[in-house]
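# Reading the structure
For reference, the chains in residue letters:
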Amino acid sequence: MEKKRGLGRGLDNFFGTQPLKDEPTDTLSVDRIKRNPKQPRKYFSDESLDELAESIRKVGVLQPLLVKKEEDDYLLIAGERRLRAARRAGLKEVPVRMIDASDEEVDQISLIENIQREDLNPIEEAEGYETLKKKYKYTQDNIAELVGKSRPYVANSMRLLKLEPVVQDMMKKGQLSISQGKLLLSIKDGNEQIAHAKRMIKEGETIEESAKSTRSKTNNKARASYYSDLEDKLMDRLGTKTQVKGSLKKGKVIIDYHSKEDLMRIYDLIMGGEFLD
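It is worth spelling out the overall build of the chain at this point. Looking only at helices and strands, one finds 14 helices and seven strands in the chain. Taking all 277 residues of the chain together, the buried fraction comes to 44%. In the chain, of all internal contacts separated by at least 6 residues, the share reaching a separation of at least 24 is 67%.

Right under this line is the structure:
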């Protein structure tokens, strides 16, 4: 059954809840709602749509679609899955909430809704965060607040994009879990990472077995494993790429940052909020 809810935390955070509370909910003919050609979601499961359509036949569409007036019709901003399911259910009209948004805001809203899909795979989610970062200059803190996640969660998700493209495709297909993906990040050699991922799939390893075999693999290179573990922990803590160079006696730590705000965020994490003179 479709649960009655608001816009979704990400969209509520994007607009702020108060402005939309005063916007009336209306109904529109499904034939007057145009699909957004920039919709980032390209695939919709027939089985999932059928299930939602059955729920809609029983209780209707409980969450209004977001639309924008465009000439004589209306552009769909958020809710394409609900619209498709409503059509399957035979509905002629659906509840909508009309908003005034710029083209850039429409793009961002579509992206945010796409990120919050329940059936989103880990790589698609990470790609969504990466798009918000690169296209709209959002920091990890901004993204976390926007989608209702913690900053470490967003940082760890985005780290999956460091996996080899072949391994990412395996995750997109559901052949590897997010936990296995994180384990594979510790294997820096691309060919070894791919080979290890294929073996995980072929042997149907549990996450415990994957962790054990990954540790065994990296233990063949004890120093690389040790520094990889340090780098992983630092990256988890700081939410950015971190490299440890040198030996246990002498070396350096290289921490990447991508803006003044990102540098100040890292400074606060290291200094514990101590005032910068």
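What follows deals with the pairing of strand S3 (residues 65–70). Summarising the sheet, S3 and strand S5 (residues 93–98) pair through three bridges and their orientation is parallel. Each bridged residue has a counterpart across the sheet, and for Val67 the counterpart in S5 is Met98. In the sheet, S3 pairs with strand S4 (residues 73–78) via five bridges, with the strands oriented antiparallel. Residue pairing across strands places Leu66 opposite Ala78, the latter belonging to S4. What sits between S3 and S4 in their antiparallel hairpin is a turn of two residues, with Glu71 showing a positive phi close to 55°.

Structurally, the position occupied by Arg151 is in helix H8 (residues 151–159). Assessed through its relative accessible area of 10%, Arg151 is described here as buried. In contact with Arg151, other than residues within four places in its own chain, are Gln140, Asp141, Ala144, Asp236, Arg237, Leu238, Gly239, Arg265 and Leu269.

In this structure, Ile33, Ile56, Leu65, Val67, Val94 and Val96 are the most contacted members of the largest nonpolar core, which totals 19 residues. Broken down by secondary-structure element, the contributors of at least two residues to this core are helix H3 (46–59), S3, S4, helix H4 (80–88) and S5. It is H3 that contributes the most residues to this core, four residues altogether.

Further remarks concern the packing of helix H9 (residues 165–172) against helix H11 (residues 190–203). Where H9 contacts H11, the two axes come as close as 9 Å, and the packing angle between them is 25°. Put simply, H9 runs roughly parallel to H11. In terms of crossing hand, the pair formed by H9 and H11 is left-handed. Across the interface between the two elements, Val166, Val167 and Met170 of H9 pack against Gln193, Ile194, Ala197, Lys198 and Ile201 of H11. Here the residues of the contact of H9 with H11 are counted per class, giving six nonpolar, one polar and one charged.

For helix H14 (residues 260–271), spanning twelve residues, the distance from its first C-alpha to its last is 16 Å, which sits close to the expected 16 Å at 1.5 Å a residue. Within the sequence span of H14, burial applies to Asp262, Arg265, Ile266 and Tyr267. One or two steps after H14, the chain reaches Gly272, where phi turns positive at roughly 70°.

Using the criterion set out here, one finds ten salt bridges in the structure. The residue Arg84 makes a salt bridge to Glu80 at a minimum N-O spacing of 2.7 Å. Note that Arg84 and Glu80 are positioned in helix H4 at a spacing of four residues, about one turn of the helix. What makes Arg84 partly exposed here is its relative accessible area of 31%. The network of salt bridges with shared partners includes Arg35, Glu80 and Arg84.

Rules of the game
- Residues numbered from 1 in each chain as written.
- Predicted model: local features only at pLDDT ≥ 70, side-chain atom pairs only at ≥ 80, totals over all residues.
- Heavy atoms only, no water.
- Helix = DSSP H or I, 4+ residues; strand = E, 2+ residues; numbered from the N terminus.
- Buried < 20%, exposed > 50% of the residue type's maximum accessible area, 1.4 Å probe, protein only.
- Contact = heavy atoms within 4.5 Å.
- Pairing = 2+ DSSP bridges.
- Core = buried A, V, L, I, M, F, W, Y, C linked by side-chain atoms within 4.5 Å.
- Axes fitted to C-alpha atoms, helices over the stretch in contact; angles between N-to-C directions.
- Parallel < 35°, antiparallel > 145°, perpendicular 65-115°, else oblique.
- Left-handed = near helix turned anticlockwise from the far one by under 90°.
- Nonpolar A, V, L, I, M, F, W, Y, C, P; charged D, E, K, R; others polar.
- Expected span 1.5 Å × (residues − 1).
- Salt bridge = Lys/Arg side-chain N within 4 Å of Asp/Glu carboxyl O.

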